[in-house]
Amino acid sequence: MANYQQWNQAIASYFTSGIPRGTRVHLSVYDDICDRIGEEYGLDLSANTWIDDFLSAVRNKVFFGERIDLSGLGECDAKDYPLGVAFLATTVLAAYRMADDEEINDTNYFQRLKQIFRITTESCRPPGLKTGSEKPLWQEWNRWLMRQGFLPSAKPGSGRRYKYINYPISQSLLRRADKDRLCRLFDEKQWKKDWDEMTLLANVRREASRLSQHLKQLLEDRQRYEAIAEAIHEVYQQWLEYPEISATTQNREISTRSRYLFAGLYRTEDPFFGKIDYYLYPKQQRGPQLASISIQQGDKCKPLREERPGWYFPLEYPLNASELDRGARYEIIGNANLDSASAPLRERLILPQRDFWILIPDPDNPDAGVYASWGTPPLGTAFILLCKQELLSDLQRLRDEKLIEWSGEPMPSFENSIDNLNWVELDQCMVISQDWDAVFIDNSELKDALQPIVRLSISLSGGLRVPQHNAWLEEYPPEITVFGFSPSAELKVTRISDNHEIYSATVETNQKIPPIVFPGTGDYLLEATAGTSTNERFVRILPWSELAIRRRDSFANAPSKQHEQLDLGSGYRICGSIIT
């Protein structure tokens, strides 16, 4: 059996691997996740199921007799993981197992937690777990996430009965009953398609009247929109693999890891001739990444290499209009080691069939001129909307209602294709209003995708960026703009290392604020607040010594990236400023 520390490290690593810096992390633990973590991190299994193994490890660590003792969990281990993560995961598991119609209060919640630990006492809290004793563990988990460059999501509730149980409840995105209802919906609708997360979410939202009250509330929670979409998509992927298995079924023979990778789009534009190309942009799955897999694209086999956390490098060959129009599947090829239980092979890379794609500037380098499927566009960020001609009437309706705006006329996307009129681009698109509720269009998925999920956004521009680090050099920090629908917002800047507040002021929205002096290198948290709306973002300031200069011969040995070279003919091409 794996011990507590092994489970603790595996859980913390799983929830922070394969995702971009700045992602808001939910410690959303349930039975299937424990199976996945146990398999993929190669933990020893001695019980019937991974979840039994996990709970036994936690009990052996925190129970002394019949009482819980958390005194040994307040620090970090040798690998700098906070020691309380595995115990906190059990508290989230209790929230996951609450019934659909179960009232959320401390009595019902702790009854579930006692069931997990097989405690039969009649007291509300488990023996030894004093009121608020778990709070320092949640605070340390939140601080650790920020030190790693992620945004925490666990927070206390209001009122005595909800103050501390809201920490785990805020992490449990789906309950077991929600997953069973979703599986029944998938059975009834027979949605056996290559849908990505947002397409699936739009279809589930249309069936909200058939879902539980808790799930309805989740679908309306736009603050957790992307996290909920990911959680529902995980249920959908498992249902596609094993449609006869419900969320309450436990079967060690069933892999909970999706055997598919999904791809977005990576867009480049020739700076001289204006030719536009779209490339497959494979997205990583959460958790440990496979060391050696390749994609079969046509008659070519290309290895996948990590470009940044959350994404592999774009594939070499551009997409044609037919692939974009119908969606596509590509073979994944791995080595013999990938068939082990700890690293199951993904069989396909899927480009989902969609009617539109939202392409935003590179979050790490917005001035690079590259656009890709990096997520929903923040407020104040101009994006490119690639869509089918048939959506133009819906888009014009949104424009007439002064919800969105764009520049120029829709332009064909494939100049040399017979299908060139089917896909068009709208340039410099921007969401300009929050009043979307009373407007309806034919394509509800398009409305869901464009409707802003936040009312505030923090934009960083200028300064001297450090390539590949999403950071700025000392003495040349970014310029900050708070975008929002309110005329002003409160902006606070805190140094994460010592929680020292270096700036606090009321700022005008949609205007660059006066330069902020950052007192040295390190990580800083920016927090903007206007009414009930909040937004957070990190700024990392690096010393000049961190700026590594690549030698000329390193370019010759490094694989060339398709989007960084210009073919000059006669065997020559420009790669940045180096002619090879």
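Residues numbered from 1 in each chain as written. Predicted model: local features only at pLDDT ≥ 70, side-chain atom pairs only at ≥ 80, totals over all residues. Heavy atoms only, no water.

**Thoughts on the packing of helix 1 (residues 4–14) against helix 2 (residues 31–40)**
Axis separation between helix 1 and helix 2 bottoms out at 10 Å; the angle between their running directions is 105°. Comparing the axis directions of helix 1 and helix 2 gives the class roughly perpendicular. Facing helix 1, whose interface residues are Trp 7, Ala 10, Ile 11 and Tyr 14, helix 2 presents Ile 33, Cys 34, Arg 36, Ile 37 and Gly 38. Split into classes, the residues belonging to the contact of helix 1 with helix 2 amount to 7 nonpolar, 1 polar and 1 charged. (Axes fitted to C-alpha atoms, helices over the stretch in contact; angles between N-to-C directions. Helix = DSSP H or I, 4+ residues; strand = E, 2+ residues; numbered from the N terminus. Parallel < 35°, antiparallel > 145°, perpendicular 65-115°, else oblique. Contact = heavy atoms within 4.5 Å. Nonpolar A, V, L, I, M, F, W, Y, C, P; charged D, E, K, R; others polar.)

**A look at the pairing of strand 12 (residues 348–351)**
Summarising the sheet, strand 5 (residues 260–269) and strand 12 pair through 3 bridges and their orientation is parallel. If you follow Tyr 260 over to strand 12, its bridge partner there is Arg 348. (Pairing = 2+ DSSP bridges.)

**What about the environment of Lys 114?**
Along the chain, Lys 114 turns up in helix 5 (residues 106–116). Assessed through its relative accessible area of 3%, Lys 114 is described here as buried. Sequence separation of Lys 114 and Thr 91 is 23 residues, and the distance between their C-alpha atoms is 9.9 Å. Apart from the residues lying within four places of it in its own chain, the contact partners of Lys 114 are Ile 119, Thr 121, Glu 122, Ser 123, Cys 124 and Pro 126. (Buried < 20%, exposed > 50% of the residue type's maximum accessible area, 1.4 Å probe, protein only.)

**A look at the environment of Ile 453**
Residue placement: Ile 453 occurs in the loop between helix 14 (444–450) and strand 18 (456–461). A residue is classified by how much of its surface remains accessible, and Ile 453, at 18% relative accessible area, is buried. When the C-alpha atoms of Ile 453 and Thr 376 are compared, they prove to be 8.4 Å apart, with 77 residues separating the residues in sequence. For Ile 453, the contacting residues outside a window of four places in its chain are Arg 222, Gln 223, Tyr 225 and Thr 376.

**Let's talk about the sheet that holds strand 20 (residues 471–473)**
Taken in spatial order, the 6 strands of this open sheet run 19-20-25-24-22-23, and their pairing is mixed. Each end of this open sheet is capped by a strand with a single partner; those strands are strand 19 (465–466) and strand 23 (500–508). In terms of strand pairing, strand 19 meets strand 20 through 2 bridges, oriented antiparallel. Paired with Val 466 across the two strands is Ala 471, which belongs to strand 20.

**Considerations on the side chain of Lys 447**
Positionally, Lys 447 belongs in helix 14. No salt bridge is formed by the buried Lys 447; the nearest opposite charge belongs to Asp 437, separated by 5.6 Å. Excluding residues within four positions of it along the chain, Lys 447 makes contact with Trp 436, Asp 437, Val 439, Phe 440 and Ile 441. (Lys, Arg positive; Asp, Glu negative; His and termini not counted. Salt bridge = Lys/Arg side-chain N within 4 Å of Asp/Glu carboxyl O.)

**What to know about helix 11 (residues 225–241)**
Compared with the 24 Å implied by 1.5 Å per residue over 17 residues, the 25 Å span of helix 11 between its first and last C-alpha is a close match. By the criterion of burial, helix 11 is predominantly enclosed, with 13 of the 17 residues buried. (Expected span 1.5 Å × (residues − 1).)

**A closer look at helix 13 (residues 392–400)**
Among the residues of helix 13, Asp 394, Leu 395 and Leu 398 are the ones counted as buried. Looking straight down helix 13, one finds that the buried residues subtend no more than 95° of arc, so they occupy a single side. In this structure, helix 13 carries Ser 393 and Asp 400 as exposed residues pointing more than 90 degrees from its buried face. Each element contacted by the buried residues of helix 13 is listed here: strand 15 (383–388), strand 16 (404–412), strand 17 (423–431) and helix 14. One or two residues past the end of helix 13 sits Lys 402, with phi positive at roughly 60°. (Arc of directions from axis to C-beta.)

**Things to note about a nonpolar patch on the surface**
A surface patch of nonpolar side chains, about 290 Å² in accessible area, is lined by Leu 464, Tyr 476 and Trp 544. Within the secondary structure, Trp 544 is located in the loop between strand 25 (533–542) and helix 15 (552–557). (Patch = residues over 30% accessible without salt bridge, like charges linked within 9 Å, V, L, I, M, F, W, Y side chains within 5 Å. Areas by Shrake-Rupley, 256 points an atom, 1.4 Å probe, with all protein chains shown as cover.)

**Some words on the confidence of the model for the chain**
When the pLDDT values of the chain are averaged, the result is 86; 87% of them are 70 or greater. Across residues 335–346 the pLDDT falls below 50, and counting only partners more than four positions away or on other chains, this stretch makes 29 contacts in the model. Within the model, the stretch residues 550–563 combines pLDDT values under 50 with 13 contacts to residues more than four positions away or in other chains. (pLDDT = per-residue confidence, 0-100.)

**Section: unusual backbone geometry**
Even without a glycine there, the phi angle at Gln 190 is positive, about 50°. As for its position among the elements, Gln 190 is in the loop between helix 8 (176–189) and helix 9 (197–206). Non-glycine residue Glu 475 carries a positive phi angle of around 75°.

**Re the side chain of Ser 170**
One can find Ser 170 in helix 7 (residues 166–171). For Ser 170, a relative accessible area of 9% puts it in the buried group. For Ser 170, the side chain forms a polar contact with the main-chain oxygen of Tyr 167, separated by 2.7 Å. What Ser 170 contacts, discounting residues up to four positions off in sequence, is His 26, Ser 153, Ala 154, Lys 155 and Arg 224. (Polar contact = N/O pair within 3.5 Å; in protein donor to acceptor, adjacent residues only side chain to side chain.)

**Let's talk about the packing of aromatic side chains**
Per the counting criterion, the structure on display carries 23 aromatic pairs. Between Trp 195 and Tyr 236, the ring centres sit 6.3 Å apart and the planes meet at 25°, which makes this aromatic pair stacked. Here Trp 195 is found in the loop between helix 8 and helix 9, whereas its partner Tyr 236 is found in helix 11, with 41 residues between them in sequence. What makes Trp 195 buried here is its relative accessible area of 9%. When its relative accessible area of 0% is taken as the criterion, Tyr 236 is described as buried. On the basis of an interplanar angle of 75° and a centroid distance of 5.0 Å, the ring pair of Phe 518 and Tyr 524 is categorised as edge-to-face. (Phe/Tyr/Trp six-rings, centres within 6.5 Å; stacked < 30°, edge-to-face > 60°.)

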